[in-house]
Amino acid sequence: MPDGINIDYDGLIPNNVDLAGDARVRKALETWHPGYIDWWKDMGPEGFQESLVYLRTAIGVDPKGWAKFDYVKMPDYKWGILLAPKVEGRTIPFGKHKGEPAWQEVPGEYRAMLRRLITVQGDTEPASVEQQRHLGATAPSLYDLRNLFQVNVEEGRHLWAMVYLLHKYFGNDGREEAEELLARRSGHQDTPRMLGAFNEATPDWLSFFMFTFFTDRDGKMQLEALAQSGFDPLSRTCRFMLTEEAHHMFVGDSGVQRVVERTVEAMRDADITDPHDIAAIRALGVIDLPTIQKKINLHFSLTLDLFGNEISTNAANAFNAGIKGRYREDKLEDDHALLDATYPVLRHVNGQFVTEEVPALSALNLRLRNDYVQDCISGVTRWNRVIEKAGIGFKLALPHVAFNRAIGEFAGIHTDIDGNILDEAVWQAARDGMLPNDDDAAYITSLMVPVTENGKFAGWIAPPKMGIDNKPGDFEYVQIVA
Ligand SMILES: [Fe+2]
Ligand SMILES: [Fe+2]
């Protein structure tokens, strides 16, 4: 077996980084551990800490068959430190150090930059657990409840992944950052999480599916960019996290699809062909397509803000330094230095949208965002196929990138979902038609009634095509203990 494929489950902290042979870091993590468990009990899934959940746990980091499924109480989940296997002879794939051996230690000159990137990534992980902690009470099925908890425990593990890097490579500063990761709280007035979208509420299950589709996909893009890093421990950490992230996006993608399926099925059964006959559709107890579109508008726009400013010196510096690459950098065919290249950026200048060629190095946030948008489109296309098959004249779409933005080129303007610029008064009047309003929220909330019988599903969502781990439809994914 290559180095690091097997996981040591003997100690307090499962790992494949030989913690047993690293007394300093093991001690640091064992000291951090009780605070983590306290955080999990305080801020993790509310009301299900004693329940047995059918969860997958990593037993190796080999992409083929790394997981094993079993009933686990969430506080006993084997959170651990898992890195993808080391690639011998790996070199820095981009930037001014391209071709030099990948760093196994933090290069002094990039220490602050790396610490910041790792801390920001780390902060998003517990944030989403906090955002989702009330959802267990209204799960549409045991299958969905299990999926929620799987996402939650893995986000917890992602926090461990980042905390390991902080403790191992950043000394006292790293320890302080690790403490603060447990102290901030999503949406808290005084100690919020670091990024905007991670301070928003996730009030209902449609929001959860949208979040895992859109916002976990931002996570995927950030991890893909960091997986290219010349700092090898970060690269290896992110590569393994990506294998877990795929499930989170599956939950979102298939979750939204099942909502759409159920809606069009109910419409067909009731002979409703007008997707805008919202009152009639809601009377069926399903979520009308225009409201699903509004949720897309909200979650897509909030998530685009996570990519930061379109034109960014920080992004240029991180690339140049060999710290943060592009999406699938290793598959791209150019000089991987970008010193002479340019990239088109949509900007807002004097009341108009203009496309300007800017130095490609400064436009890397936008480039990653563009790759993200492409990735989102494939999901929306699948959802539309369901609607089309049902013969309903409605198409879901991503809103214009300038819509509802708080960061970057479009932060100071309002547009409609097609990108037409609106003045303040028109925006205020049109807003309720483009983003979920109080009525929409109240209606969706009214549907959020828990279903806890094996194999049963709430009326607003279709059952999945297949169970988890090839289990039958009436499998008891969660054994609830009140
Ligand atoms: Fe994560
Ligand atoms: Fe995730």
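Residues numbered from 1 in each chain as written. Chains lettered and ligands numbered in written order. Predicted model: local features only at pLDDT ≥ 70, side-chain atom pairs only at ≥ 80, totals over all residues. Heavy atoms only, no water.

Here we look at the coordination of the iron ion (ligand 2)
In step 1: Every protein donor of the iron ion (ligand 2) is listed here as Glu155 (OE), Asp216 (OD), Glu245 (OE) and His248 (ND1), and their distances to the metal cover 1.9 to 2.2 Å.
In step 2: The coordination sphere of the iron ion (ligand 2) comprises four donor atoms, whose angles at the metal cover 90 to 176°; the geometry is irregular.
In step 3: Counting residues between consecutive donors of the iron ion (ligand 2) along the chain gives the motif E-x60-D-x28-E-x2-H.
In step 4: Here the iron ion (ligand 2) and the iron ion (ligand 1) are spaced 3.5 Å apart, linked through Glu155, which binds each one. Remark: His248 occurs in helix α6 (residues 232–269) and Glu155 occurs in helix α3 (residues 142–169); sequence separation between them is 93 residues. Each member of the pair, Glu155 together with His248, is buried. (Donors = N, O, S within 2.8 Å, 3.2 Å for Na, K, Ca; no water. Tetrahedral: all angles 85-135°; square planar, octahedral: opposite > 155°, others 65-115°. Helix = DSSP H or I, 4+ residues; strand = E, 2+ residues; numbered from the N terminus. Buried < 20%, exposed > 50% of the residue type's maximum accessible area, 1.4 Å probe, protein only.)

A few points about the nonpolar core
In step 1: By size, the foremost hydrophobic cluster in this structure holds 116 residues, and its most contacted members are Tyr36, Ile292 and Trp460.
In step 2: In terms of residues, this core owes the most to one element, α3, which gives 16 residues.
In step 3: With sequence-adjacent residues up to four places away left out, Trp460 is seen in contact with Pro140, Trp205, Phe209, Val259, Arg262, Gly285, Val286, Ile287, Leu447 and Met448.
In step 4: In terms of nonpolar packing, the next biggest core, distinct from the first, is built from 13 residues, Phe94, Tyr343, Val358 and Leu361 among them. (Core = buried A, V, L, I, M, F, W, Y, C linked by side-chain atoms within 4.5 Å. Contact = heavy atoms within 4.5 Å.)

Observations concerning the coordination of the iron ion (ligand 1)
In step 1: Of the protein atoms, only Glu125 (OE), Glu155 (OE) and His158 (ND1) coordinate the iron ion (ligand 1), at distances of 2.0 to 2.2 Å.
In step 2: Counting along the primary sequence, the residues that act as donors to the iron ion (ligand 1) give the motif E-x29-E-x2-H.
In step 3: Under the relative-accessibility criterion, His158 is labelled buried at 0%.

Topic: empty space enclosed by the protein
In step 1: Applying the stated criterion to the full structure yields three cavities of 30 Å³ or more.
In step 2: Around the largest cavity, the lining is made up of 13 residues, and of these Lys324, Gly325, Arg326, Leu364 and Asn365 lie nearest the centre.
In step 3: With five residues, the top contributor of residues to the lining of the largest cavity is helix α10 (residues 364–389).
In step 4: Considered class by class, the residues forming the lining of the largest cavity number seven nonpolar, two polar and four charged.
In step 5: Taken as a whole, the second largest cavity spans an internal volume of roughly 60 Å³.
In step 6: What lines the second largest cavity is simply Gln131, Ala197, Glu200, Ala201, Thr202, Phe211, Thr215, His299, Leu302 and Thr303.
In step 7: Elements with a minimum of two residues in the lining of the second largest cavity: α5 (205–227) and α8 (289–304).
In step 8: Top contributing element to the lining of the second largest cavity by residue count: α8, with three residues.
In step 9: Looking at side-chain class alone, the lining of the second largest cavity contains four nonpolar, five polar and one charged residues. (1 Å grid on protein atoms, 1.4 Å probe; cavity = no way out; pocket = protein on both sides within 12 Å on 5 of 7 lines; lining within 4 Å. Points joined across faces, edges and corners; volume = space filled by probe spheres on them. Nonpolar A, V, L, I, M, F, W, Y, C, P; charged D, E, K, R; others polar.)

Focus: the pairing of strand β3 (residues 342–349)
In step 1: Judged from the eight bridges that link them, β3 and strand β4 (residues 352–359) form a sheet pairing that is antiparallel. Each residue of the ladder has a partner; that of Val345, found in β4, is Glu356.
In step 2: Counted between consecutive antiparallel strands, the loop separating β3 from β4 contains two residues, among which Asn350 sits at a positive phi close to 50°. (Pairing = 2+ DSSP bridges.)

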